[in-house]
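One-letter residues, chain by chain:
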2 protein chains.
Amino acid sequence: MSNSLLPILKPRSVAVIGASNTTSRIGGRPIHSMKAMGYKGRIFPVNPKYQTVQNLPAFRAIGDVPEPVDCALIAVPAAIAVEKIQACAESGVKSAVVFTSGFAEQGEDGELAQREIARIAREGDMRIVGPNCLGVFTTSDAWYGTFSNAPALMKLSAGPIGIVSQSGAYGSHVMLVMQNRGIGCNYWVTTGNESDVDVAEVIEFYAQADDVETIVAYAEGIKHADRIRKALARALDARKPVIFMKVGKTDVGARAAVSHTASLAGSDAIYDALFTQYGVYRADTTEELVDIAYACQHGSYPKGRKISLQTISGGVGVQMADDAVKYGLEVVPLPEATQKKLKDVIPFAGTSNPVDFTAQALNEPDLMLQNISLTVEEADYDSHIIFMTAVPASPFSRDVCADLFRAVKDRYPDEPMIMSLVGERDIVEIYEDLGYPVFEDPSLAVRAMAALTRFGEVFEHRDDDLPPAAPADMLPVPQMVVGEAEAKKILASAGIPVASESLASSATDAVTAASMIDGPCALKIVSSDILHKTEIGGVLLNVEGATAVEEGYRILMQRAADHAPDARIEGVLVSEMVAGGVETVLGVVSDPVFGPAVMFGLGGVFVEVLKDVTFRLAPFGVQEAHRMIDEIRSRVMLDGFRGTAPSDIDALADALARISVFAAANADRFETIDVNPFIVLPKGAAAVDALIVPKGLT
Amino acid sequence: MSNSLLPILKPRSVAVIGASNTTSRIGGRPIHSMKAMGYKGRIFPVNPKYQTVQNLPAFRAIGDVPEPVDCALIAVPAAIAVEKIQACAESGVKSAVVFTSGFAEQGEDGELAQREIARIAREGDMRIVGPNCLGVFTTSDAWYGTFSNAPALMKLSAGPIGIVSQSGAYGSHVMLVMQNRGIGCNYWVTTGNESDVDVAEVIEFYAQADDVETIVAYAEGIKHADRIRKALARALDARKPVIFMKVGKTDVGARAAVSHTASLAGSDAIYDALFTQYGVYRADTTEELVDIAYACQHGSYPKGRKISLQTISGGVGVQMADDAVKYGLEVVPLPEATQKKLKDVIPFAGTSNPVDFTAQALNEPDLMLQNISLTVEEADYDSHIIFMTAVPASPFSRDVCADLFRAVKDRYPDEPMIMSLVGERDIVEIYEDLGYPVFEDPSLAVRAMAALTRFGEVFEHRDDDLPPAAPADMLPVPQMVVGEAEAKKILASAGIPVASESLASSATDAVTAASMIDGPCALKIVSSDILHKTEIGGVLLNVEGATAVEEGYRILMQRAADHAPDARIEGVLVSEMVAGGVETVLGVVSDPVFGPAVMFGLGGVFVEVLKDVTFRLAPFGVQEAHRMIDEIRSRVMLDGFRGTAPSDIDALADALARISVFAAANADRFETIDVNPFIVLPKGAAAVDALIVPKGLT
């Protein structure tokens, strides 16, 4: 595998700039750790003050090191850090990890110094991690390019997990929590201020690394949308779950994030969109992050949402059923025939699903094996959770229980199963070794299985939802603000349905236009100088008949003249009244980091009061659009609420996908696009009003 | 303390009916456990087959036992269980714990047998736990009236927690999880089918027990509302937190619950109401249940919501700030002056709140002590969370860190503080012994502090929110369905504001009535035979002027005659049109278990589509009503949405409290009460339509 991060994560030789004999200092600890753990590569301490450092020959300067250096650890004060990095670049060092703090996180001067580091990386063709980071390590190579005290705390175990974190302290915290839980990791990278290498690039490295199966990431903000999208796409292609903690959700949190890092944090809703689109699991707590990573270790992802809940406690069965529903899993009952057979095996068993073996079952493990086999073979469940509480730990049942579940695994090695039990570490390991993820809390077992199920879905359906092709004659976003009519014409060219209408420049035109519409029509003043026409009474609804239309035309012209005397009036728009249907809002915002993001919600209070909206990054396909529609709380309004006919969901989804394609094609040309209302009818849909605000006007 | 459960939880002598020499059998295990753990009371094995059981003299029958027996354990098959219990009653045994299963949980015959047990309890003046339960234990007395294998698994440690669970398996599961976490319990009771003793009575026992400070409960359904309300009120008076897991939230879960237990599970929203009103913490997962119980052990409850977040990792500070906001805590910044002082102590520190000590601080613990002192003394935070990750575990900082936080506790013994760190058990215990609850996950530390804060609030404000007094002339709910006018008259008598209106029995009356209302009026047909008058066009709005009113009267009479020829027509109601304001819905349902529960929500889609409603058990006070109003997602609509004036929240809260008093006073007389719409105005409020459905009509 060729990758510019190899010198950082697989270095054959390391220089420590600012090497120290004091193993507790940041220039001493890495050397100490590497020597203690048996790093196989060459270590070159660099410090003019010493002949030797920790019994290794030391060098006055990086230039004096006689051999090529893959990675330099920068452990000197901020004042001299930049020159040392420069020296590394000049000496052909391939990469550097900069521990030194005092850069962008501490105001403008630091920001400038950090730009210098970025420049050196660019021009010196050297990859740089940090500054202000806790470093990196690669467990299998005993490469400890970090001053974290983690290696001093415990023997860190390897495992198919790669961790990357902008925060050094959090990165080591979550790694240690995992180690305590028996979850090893092969790679650990903290990116700090990200002058060069960022979280995204490390994720991409992990996506390609043979010895990483699960990726755990932490960020306060992402600076390069293109990099993160490429990285997450690669991880998805490689069927490697990404579990992400992104902090700064609330205003308070985000404020703290900005004060803490130099990253430009995009709006949190946009991050949700990013994560949803790339099948990333967003964890809210460290425990959730660790739980899901732990469950992924066994790497068996259900093919669907149907789950069987098997328990020796009816009460816990109820609880797991509640949780399964909450997490979107399907607790379908066993086939009647199978239930009958279960009853024959254990008369008192609850046989629907949850399957309650009852305590009796424990006396005859063979019966439980029979029951589990029936459930697996005669129904088409995609996953199983088995709750055994302390039975596997009890001296009365320890061995029979282990034998039972060894037999189950032998019979069904590929069935996704999670075990919920309570016992000491040694008991838990018996079942982990058999291939069961083990959870003490049955509810968290369900949450974990739901996460595995979601990964299974996104891995399956990775490629079958491409954005629709843009029409050949799709019009671009113009340079200047255009009126409603023009805006709708442009959107129509992108394949978005709009209300039939025509622009009248005289009362007579208006009457003619109206006569071509059956039923009443709407009259609206059209002027690129009047963006919010309702506010000046520039809209008349349900106008019917020649006289009314003629009169309406005059009224609108008068109001325009009164309220906006200088406005260039293009005329009056005569539109069909789109009757019935459900009012929705299609919007696009241009995120400073991620570019165009499409918003969807229902009109009125749903968007304005309840903020019941969802976002996706443009462009996306029709299936993604359907997922957007299904996400909002007010979804039911589209299903035909109180006897009204159901709305044409497909037309809506198509419009969402097409506006995303239009937005992506015009990424740099607009600030916002609003289609409000976009009315979804029982058959079809129509944009009734639209506003496009080009970039760089304000 | 005198309590009828004392013979069950503090027995001086125990008989085991169906005693066995086989320690793995349910008749053998309790004796084995008690002997092994050193139960001080007398044990009388009862089994006609043996002279001795486990080296204790055995008796043929309970009648042969020469001494008074406080508690009998029933470990015989269902077929003979009832007669054995009867025998116990006749021998003056004070209580029984019935392990035997095969009763209400297994259909009608079992249900009948269980009624027998209930009768024996009643008539024999004997308290009975079970049947179908796993038993009870009292750690301090080594009283193990259970066949759980828990005592065989580990030495169970005592602690100021009382556990009660309907499910035996779950009860022992959560108890073992707690034990593994180092949380001991003094009492453990599983109530099974609750033929006599139920979860509520055990909670009440714990509320009065000197050696219980925190109560942990599990239930699938509650059968006696009066008992649980009394018990929770006592716990609240005793300032003992109750942490409750109630399963059967979803339809699937509830179905499973019914199939599993004999309990009549009330609707889940009603349980939420119950728990909210009595300050119970409802846990969704076992881990949450255990976390909160753990945090309560240190028993220090914040006086308010202002929290300080102190961290050596900026990133984790951001995360904790997010969590604090999510859980309703207030992350207010430090005073400017204090921030300046912090900067003087540690130049690079983030000083707002979260306070980020940065890694540097670790080198000088005195500085951290200074910082923490400044934060505690110069600001008025109610609680503090300190994130130290692995620093307390690191060989480089273990001792200084312990000394530092010992000093902090010495200075501020009463400040609620939680520590977040990662380390082995021995490290954690150092801080637990100092009086810090310790959490590995900073987010869960925040959740726990939020829970302690909530308990602090309910303990403080227990008594200052009494329901308003019922007006002396409050009318009762009538025996038969009454029309809208009568319904509103009744509600008005209860102190609920209604739109001014009068009943007209002729067109002329109507005109006169309308003339006394300024502005347009509403005309509605009034007939107790026509419940849904809108459906027959029985309502005319915005009618103005004598002719229009006269005409309207005739139209309504005609429509009534057409659609409901047999209906007794009382006349036409002439009401003021309540203009503006926000439409809300006040409802009351009569829950089969809990009686009248008041529902509140906003009109239209909010109630009908979004189900954005909240419930409380009647009666309640104005403050509780305010909490209801604050709970709904659409709350903002009442604050003056888009320039409209804010609504009169006090008038709304008053109406909610008063309808709760009315409902409680008429508890057994109605099925439902609907006040829809109840329009809340900028000043005042008015019920515009109302429907009261008396009991026993359908």
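Residues numbered from 1 in each chain as written. Chains lettered and ligands numbered in written order. Predicted model: local features only at pLDDT ≥ 70, side-chain atom pairs only at ≥ 80, totals over all residues. Heavy atoms only, no water.

It is not clear to me how the pattern of salt bridges should be interpreted in this structure. Could you clarify?
Side chains bearing opposite charge may pair, as long as their charged atoms lie close to each other. Residues and elements named next belong to chain B. Following the criterion strictly, the structure yields 86 salt bridges over all chains and no others. With a shortest N-O distance of 2.9 Å, Asp 196 and Arg 127 are connected by a salt bridge. Of the two residues, Asp 196 sits in the loop between strand 11 (187–190) and helix 7 (199–208) while Arg 127 sits in strand 7 (residues 127–129), which places them 69 residues apart along the sequence. Like Asp 196, the residue Arg 127 is buried in the burial classification. (Salt bridge = Lys/Arg side-chain N within 4 Å of Asp/Glu carboxyl O. Helix = DSSP H or I, 4+ residues; strand = E, 2+ residues; numbered from the N terminus. Buried < 20%, exposed > 50% of the residue type's maximum accessible area, 1.4 Å probe, protein only.)

Please explain the nonpolar core as it appears in this structure.
Soluble globular proteins: nonpolar side chains tend toward being buried together. Ranked by size, the top nonpolar core spans 312 residues in total, and within it Phe 244, Phe 405 and Tyr 431 of chain A together with Phe 244, Phe 405 and Tyr 431 of chain B carry the most contacts. In this structure, Val 477 and Phe 641 of chain A together with Val 598 and Phe 606 of chain B belong to the second largest nonpolar core, which totals 89 residues. (Core = buried A, V, L, I, M, F, W, Y, C linked by side-chain atoms within 4.5 Å.)

Where do I start with the relation of the copies chain A and chain B in this structure?
Note: a rotation about an axis with an accompanying shift along it relates these two copies of the chain. Once turned by 180° and shifted 0.0 Å along the axis, chain A lies on chain B with an RMSD of 0.1 Å. Classification of the inter-copy transformation places it as that of a two-fold axis. With an isologous cut-off of 70% or more, the 99% of interface residues of chain A that recur at the interface of chain B puts this contact in the isologous class. (Least-squares fit on C-alpha atoms with pLDDT ≥ 70 in both. Contact = heavy atoms within 4.5 Å.)

Please clarify how helix 3 (residues 78–90) of chain A should be interpreted in this entry.
The periodicity of an α-helix, 3.6 residues per turn, causes residues three or four positions apart to be oriented the same way. All names here are of chain A. With 13 residues, helix 3 extends 19 Å from end C-alpha to end C-alpha; this agrees with the ideal 18 Å at 1.5 Å per step. Along helix 3, the positions that sit buried rather than exposed are Ala 81, Val 82, Ile 85, Cys 88 and Ala 89. The arc enclosing the buried residues of helix 3, seen along the axis, measures out at 120°, which places them on a common side. Residues of helix 3 that are exposed and point over 90 degrees away from its buried face: Ala 79 and Glu 90. The inward-facing, buried residues of helix 3 abut strand 1 (13–17), strand 5 (71–74), strand 6 (95–98), helix 4 (108–124) and strand 7 (127–129). The positive-phi residue at the C-terminal boundary of helix 3 is Gly 92, with phi of around 80°. (Expected span 1.5 Å × (residues − 1). Arc of directions from axis to C-beta.)

Is there a simple way to explain the interface of chain A and chain B in this structure?
Accessible area lost upon the coming together of the parts is a frequently used measure of interface size. Contact with chain A, which involves 76 residues of that partner, is made by 75 residues of chain B. Summed over the shared surface of chain A and chain B, the number is 0 salt bridges. Applying the counting criterion to the chain A and chain B interface returns 16 residue pairs in polar contact (both at pLDDT 80 or more). Listing elements by their share of the side of chain A that touches chain B, those giving two or more residues are helix 5 (150–153), helix 6 (168–180), helix 9 (251–260), helix 11 (286–296), helix 12 (314–326), strand 17 (383–389), helix 17 (442–460) and helix 21 (605–608) of chain A. For the side of chain A that touches chain B, the element with the most residues is helix 12 of chain A, which contributes 10 residues. Split into classes, the residues belonging to the side of chain A that touches chain B amount to 37 nonpolar, 24 polar and 15 charged. (Polar contact = N/O pair within 3.5 Å; in protein donor to acceptor, adjacent residues only side chain to side chain. Nonpolar A, V, L, I, M, F, W, Y, C, P; charged D, E, K, R; others polar.)

Explanation requested: the sheet that holds strand 9 (residues 143–146) of chain A in the structure shown.
Strand pairing in a sheet takes place through backbone hydrogen bonds and is either antiparallel or parallel in direction. Residues and elements named next belong to chain A. Pairing within the open sheet is mixed, and its 7 strands lie in the order 9-8-11-10-12-13-14. In this open sheet, the two edge strands, each paired with only one partner strand, are strand 9 and strand 14 (281–282). Bridge count between strand 13 (residues 242–246) and strand 14: 2 bridges; the pairing is parallel. Within the sheet, the bridge partner assigned to Ile 243 lies in strand 14 and is Tyr 281. (Pairing = 2+ DSSP bridges.)

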